[in-house]
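Residue-level structure breakdown
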There are 2 protein chains.
Amino acid sequence: MSFVVPTDATSWIEVEPESDFPIQNLPFGIAEIGGSFELATRVGETVVLLGPLARAGLITWDEERLMGSKPTMLQVSAEELSSLRMELFAQLSSEKPFDALLKAQCLLPASMVQMAVPKVTAFIDFYSGINHASNVGRMFRPDQPPLLPNYRHLPVGYNGRASSVIISDQPVVRPKGQTKGADDTAPTYGPTKELDFELEMGFYLGEGTEIGDTVPIEEAESKMIGFVLVNDWSARDVQRWEYQPLGPFLAKSFATSISPWIVTLDALSPFRKQGPAQDPAVLPHLKQHGPEHFDIKLEVLLQTAKASKPQVISRTNALELYWSAAQQLAHQASNGTPLEAGDLYASGTISGTEPDAFGSMLELTWRGTKPIVIEETGEERKFLEDGDRLTFRGYCEGPEYRVGFGEVTAEIMPAQ
Amino acid sequence: MSFVVPTDATSWIEVEPESDFPIQNLPFGIAEIGGSFELATRVGETVVLLGPLARAGLITWDEERLMGSKPTMLQVSAEELSSLRMELFAQLSSEKPFDALLKAQCLLPASMVQMAVPKVTAFIDFYSGINHASNVGRMFRPDQPPLLPNYRHLPVGYNGRASSVIISDQPVVRPKGQTKGADDTAPTYGPTKELDFELEMGFYLGEGTEIGDTVPIEEAESKMIGFVLVNDWSARDVQRWEYQPLGPFLAKSFATSISPWIVTLDALSPFRKQGPAQDPAVLPHLKQHGPEHFDIKLEVLLQTAKASKPQVISRTNALELYWSAAQQLAHQASNGTPLEAGDLYASGTISGTEPDAFGSMLELTWRGTKPIVIEETGEERKFLEDGDRLTFRGYCEGPEYRVGFGEVTAEIMPAQ
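In this report, we go over the structure that sits alongside the text. (Residues numbered from 1 in each chain as written. Chains lettered and ligands numbered in written order. Predicted model: local features only at pLDDT ≥ 70, side-chain atom pairs only at ≥ 80, totals over all residues. Heavy atoms only, no water.)

Considering the overall build of chain A
What counts, and what does not: Secondary structure elements follow DSSP: runs of H or I no shorter than four residues count as helices, runs of E no shorter than two count as strands, and numbering proceeds from the N terminus. For the radius of gyration, the atom set is restricted to C-alpha positions; the globular benchmark scales as 2.2 Å times the number of residues to the power 0.38. Accessibility here uses a 1.4 Å probe with only protein chains present; expressed as a share of the type maximum, an area under 20% marks a residue as buried, one over 50% as exposed, and anything in between as partly exposed. Whether two residues are in contact is decided by their heavy atoms: any pair within 4.5 Å suffices. Computed with the Shrake-Rupley method and a 1.4 Å probe, the accessible areas treat only the protein chains shown as cover for residues.
Regarding its fold elements, chain A presents 10 helices and 26 strands. Rg of the C-alpha trace for chain A: 21 Å, near the compact-globule value of 22 Å for 416 residues, within the 12% margin. Dimensions of chain A along its principal axes, counting C-alpha atoms only, are 70 × 55 × 40 Å. Taking all 416 residues of chain A together, the buried fraction comes to 63%. Of the contacts formed within chain A by residues at least 6 apart in sequence, a portion of 73% connects residues at least 24 apart. Looking at chain A as shown, the accessible area adds up to about 15600 Å², and 51% of this sits on carbon and sulfur atoms.

As structure tokens, then:
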């Protein structure tokens, strides 16, 4: 079951032409209102709380999932999600808007609403950006092929830390960690000197599985609520010293920022495209059955404390991902591990093939050898400095409208 | 604050001399009674439910944490935990036992009680068994020093999967996964051929921290409820193919078994010992302030389907761990990641120095080159086979009494 809003539909709520949130989007997010949490959607610059609509009988949704407990708020099947968006569409596109009382109860200007992270039961990070993986290989294993032998056979991934997933606009404090330079005789503990971002997309699960269950790839998308932008902050000097032999740990677990609106697969479906050709052919349980990638334009913007405006430092597209979300989830479930509602799966860093389309400072500055120049101020950046603000934007561009994610942004604060 | 039960104390509940659960232990666990969960302790072969005691006013504990919601059941500070054990001790060691009605409400034979996994918010696995890490180095990097350069400077660890932590006695289904032999031209997907166990200890947190907080090592133990036995099941063939460059993923996430009783640090404190000398000296934030290791004897037993009894295949001790639990937690918190009540931290595989003291089949059979012989049946084992039952036992042996963990056990079921 799916529900795609007609291309020519409009809302009685005002929507600017370039908005990421036309009536065709209808994403889900959690608003923090007076210290408690409420499920919400967004049209244009307006946040629409779902609680008052349900209590007025205009949408069908049980009270427990509207307010209060974040853990259960987004436990939804694909079917429930489609039918909820259908009801929301009926109300928000109707020619007869809500009465004034209901408007006062459920409509809020987006700029006034503090959004919250949906409950993240687990955070899993893949490595599906093939250009990123190749760049890392070229930098750190220059005498070997850029991609390891397993790369085109399975979506490489690892478990991250769920507790440090934070919402857009929450500052990121420069983490401390243990590092050892190549010429140092002993390691030291202190603030990272190589704070980096990673440009990623992530998807949330609305439904889980029982232990022992696998998920056929053609059913994988039905477990997903939708996508968000993900910044998987990284401390490169910490990572270099700690990651052998069991992978990244504290270099990544201090913070992961996400955009607050979960954009559903139904809203993204007009922008489905075929991903990169997969050669060699993948095993049957990972074989795609349709265009399971999405044409999402991505931008990275950096604003230093001295600058008056942000500068675009990278432009790329989610189509650069080698493995699709459906393939990632089918792989994750292939050993029978129980999936859970609230699992958040990030894609891995998305880089294009050209140097101005890379998805991390590590790649953009090629390990610090080619600093980024801030045109307005003449400053240089090898990695991120205190006071820098880093922002991702993402959107699908159609002939009639955009469906977008808004942004995920954070300012870097000095180490504590 | 701490509460250590006097050495000569006894309970009016019967306790066999060799029991792991004398009145000096008073561990915590979650019993599943008629489909709902209840906080419990254990004395000898008797499970004691805490709910009826609280309702009778004999212990001070709020209702919400006694029954119902697993997530909040073990959110406790070290202080609350000590005072609860003090109250339990007063009731269970008293010369005046409960009246018959209360006995009927709160005492159950352990053999009749189904125990449940406490809510695991996150599962983190360290690599602190130095003999295991050295053995793996010798096997897989024979031309290099057995330990990587970072090993003695920080407790190497990685994030695992919390959703697949299961309770002792729940069967483990042989997982499927993607593998590729050295001579294969392409990988295949099917049941693992190299199913292994890993002998570990784990500790649970009762309290968390805010993002940005670090935890001084001298305060680390105060966040812990106590320890359990952990079997971190592993599929070695899956691991070999998938783990580069980001570490173990599906090779470990299909199941992790734990023993049901959380043995508190107060109960273990008479068995504190100095761990291995740490040379080179560790950085100040990881420096230990006392004997933070525990003298816990560990045994691994294997019973095949054809055998009538289990055979001990390894004997070792938790003192073989290079890094203590306090060091592991101080390291985890050193980048400001928020800790959460319910975090479960496993030690890494505990191996002794001798071949009969290794903590995995990989090491005991030296990659399958020296199969284990089951004396009763003459069968050989390189890795685990369907129908095998694998059990860990662990206990501290004092002159007067034992404090133990009982066991963690599981039978291997065929792949689905």
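Overview of the relation of the copies chain B and chain A
To keep it simple, the criterion reads: Superposition of the copies was done by least squares, using only C-alpha atoms of residues whose pLDDT is at least 70 in both.
Once turned by 180° and shifted 0.0 Å along the axis, chain B lies on chain A with an RMSD of 0.0 Å. What we have between these two chains is a two-fold relation. No C-alpha of chain B lies nearer the rotation axis than that of G247 of chain B, which sits 2.1 Å from it.

Details of the pairing of strand β20 (residues 297-303) of chain B
All names here are of chain B. Heads up, the rule is: Two strands pair under a simple rule: DSSP has to find at least two bridges between them.
In terms of burial, β20 is a largely internal element, five of the seven residues being buried. Alignment of β20 against strand β21 (residues 311-317), held across six bridges, turns out to be antiparallel. Residue pairing for β21: L298 is matched across the bridge by T316. Note that β20 and strand β25 (residues 389-397) share seven bridges and pair antiparallel. Counted as the bridge partner of Q303 is R389 from β25.

Let's talk about the pattern of salt bridges
The condition is simple: For salt bridges, the criterion is a side-chain nitrogen of Lys or Arg within 4 Å of an Asp or Glu carboxyl oxygen.
Scanning all chains against the criterion turns up 45 salt bridges over all chains. With a closest N to O distance of 3.1 Å, E45 of chain B and R42 of chain B form a salt bridge. Put simply, R85 of chain B and D266 of chain B hold a salt bridge, and the shortest N to O gap is 4.0 Å. Of this pair, R85 of chain B sits in helix α3 (residues 78-93) while D266 of chain B sits in helix α8 (residues 265-268); the two residues are 181 residues apart in sequence, bridging distant segments of the chain. Ionic contacts of the salt-bridge type, sharing partners, join the residues D196, E198, D232, R236 and K252 of chain A into one network.

Looking at the packing of aromatic side chains
Here is the rule: Note on aromatic contacts: the rings of Phe and Tyr and the six-membered ring of Trp form a pair at centre separations within 6.5 Å, being stacked when their planes are under 30 degrees apart, edge-to-face when over 60 apart, and tilted otherwise. Charge-over-ring placement is defined geometrically: NZ (Lys) or CZ (Arg) within 6 Å of the ring centre, and within 35 degrees of the ring normal.
Applying the stated criterion to the full structure yields 28 aromatic pairs over all chains. Considering the side-chain rings of F3 of chain B and F89 of chain B, the 5.6 Å spacing of their centres and the 55° angle between planes classify their relative orientation as tilted. Linking F3 of chain B in the segment before β1 (29-33) with F89 of chain B in helix α3, this pair joins segments that are 86 residues apart in sequence. The two residues F3 of chain B and F89 of chain B agree in class, both being buried. Counting every residue linked through ring pairs, the aromatic cluster contains F126, F203, F227, F294 and Y345 of chain A together with F249 of chain B. Above the plane of the ring of Y395 of chain A lies R402 of chain A, whose end atom (NZ or CZ) is 3.7 Å from the centre.

Quick look at the interface of chain B and chain A
We count it as follows: Two parts placed together each lose some accessible area under a 1.4 Å probe, and the buried area is that loss summed for both. Polar contacts, as used here, are pairs of N or O atoms within 3.5 Å; protein pairs need one atom able to donate a hydrogen and one able to accept it. Residues neighboring in sequence count only if both atoms are side-chain atoms.
The interface is formed by 55 residues belonging to chain B together with 55 residues belonging to chain A. Counting each side, the surface lost to burial between chain B and chain A is near 5100 Å², with a carbon and sulfur contribution of 58%. Looking at the side of chain B facing chain A, the largest losses of area belong to R161, L246 and F249 of chain B, adding up to 16% of the total buried there. On inspection of chain B and its partner chain A, the count reaches two salt bridges. For R161 of chain A, the salt bridge is made with D343 of chain B, and the minimal N-O distance between the two is 2.7 Å. Here chain B and chain A share 22 residue pairs in polar contact (both at pLDDT 80 or more) between them. Every element with two or more residues in the side of chain B that touches chain A is listed here: β6 (122-126), β7 (157-159), β10 (176-179), β11 (188-191), α7 (236-242), α9 (325-332) and β22 (343-346) of chain B.

Some thoughts on helix α5 (residues 130-140) of chain A
Of all 11 residues in α5 of chain A, nine are buried; the element is thus mostly enclosed. Residues of α5 of chain A that are buried in the fold lie against α10 (361-364) of chain A.

Considerations on the environment of S77 of chain A
All names here are of chain A. On the secondary structure map, S77 appears in the loop between α2 (70-73) and α3 (78-93). On the basis of relative accessibility, which here comes to 18%, the residue S77 falls in the buried class. Between the C-alpha atoms of S77 and R315, which are 238 residues apart in sequence, the distance is 34 Å.

As for the sheet that holds strand β20 (residues 297-303) of chain A
Taken in spatial order, the five strands make up an open sheet running β9-β26-β25-β20-β21 (chain A), and their pairing is mixed. Whereas interior strands pair on both sides, the edge strands pair on one side only; in this sheet they are β9 (172-173) and β21 (311-317) of chain A.

What about the sheet that holds strand β4 (residues 107-109) of chain B?
Residues and elements named next belong to chain B. We apply this condition: Only the stretch in contact is used when a helix axis is fitted, and all axes are lines through C-alpha atoms; the angle between N-to-C directions ranges over 0 to 180 degrees.
Reading across the sheet, the five strands line up as β4-β3-β2-β1-β5 and stay open at both edges, with antiparallel pairing between neighbours. Only two strands of the sheet have a single neighbouring strand rather than two, namely β4 and β5 (114-116). The mean angle between the axes of side-by-side strands here comes to 50°, regardless of whether they run parallel or antiparallel. By the bridge criterion, three bridges tie β1 to β5 in an arrangement that is antiparallel. Along β5, the bridge assignment pairs A31 with M115.

Some details on the environment of K287 of chain A
All names here are of chain A. Considering the arrangement of structural elements, one finds K287 in the loop between β18 (272-273) and β19 (293-294). Note: C-alpha distance between K287 and C396 (109 residues apart in sequence) is 25 Å. Apart from the residues within four sequence positions on either side, K287 is in contact with I217 and V282.

Focus: the side chain of S128 of chain B
Residue and element names in this part refer to chain B. With respect to the element layout, S128 can be found in the loop between β6 and α5 (130-140). Under the relative-accessibility criterion, S128 is labelled buried at 0%. Ignoring any residue separated from it by four or fewer positions in sequence, one finds S128 in contact with Y151, P155, L321, Y322, W323, Q328, S347 and G348.

Thoughts on unusual backbone geometry
A cis geometry characterises the amide bond from Q244 of chain A onward to P245 of chain A, with omega recorded as 0°. Among the structural elements, P245 of chain A can be located in the loop between α7 (236-242) and β16 (256-258). The peptide bond linking D279 of chain A to P280 of chain A adopts the cis configuration, its omega dihedral lying at 5°. With respect to the helices and strands, the residue P280 of chain A is situated in the loop between β18 and β19. One non-glycine residue with positive phi stands out, namely L26 of chain B, at about 45°. Among the structural elements, L26 of chain B can be located in the segment before β1. Positive phi outside glycine occurs at R367 of chain B, with the angle close to 60°. One can find R367 of chain B in the loop between α10 (361-364) and β23 (372-373).

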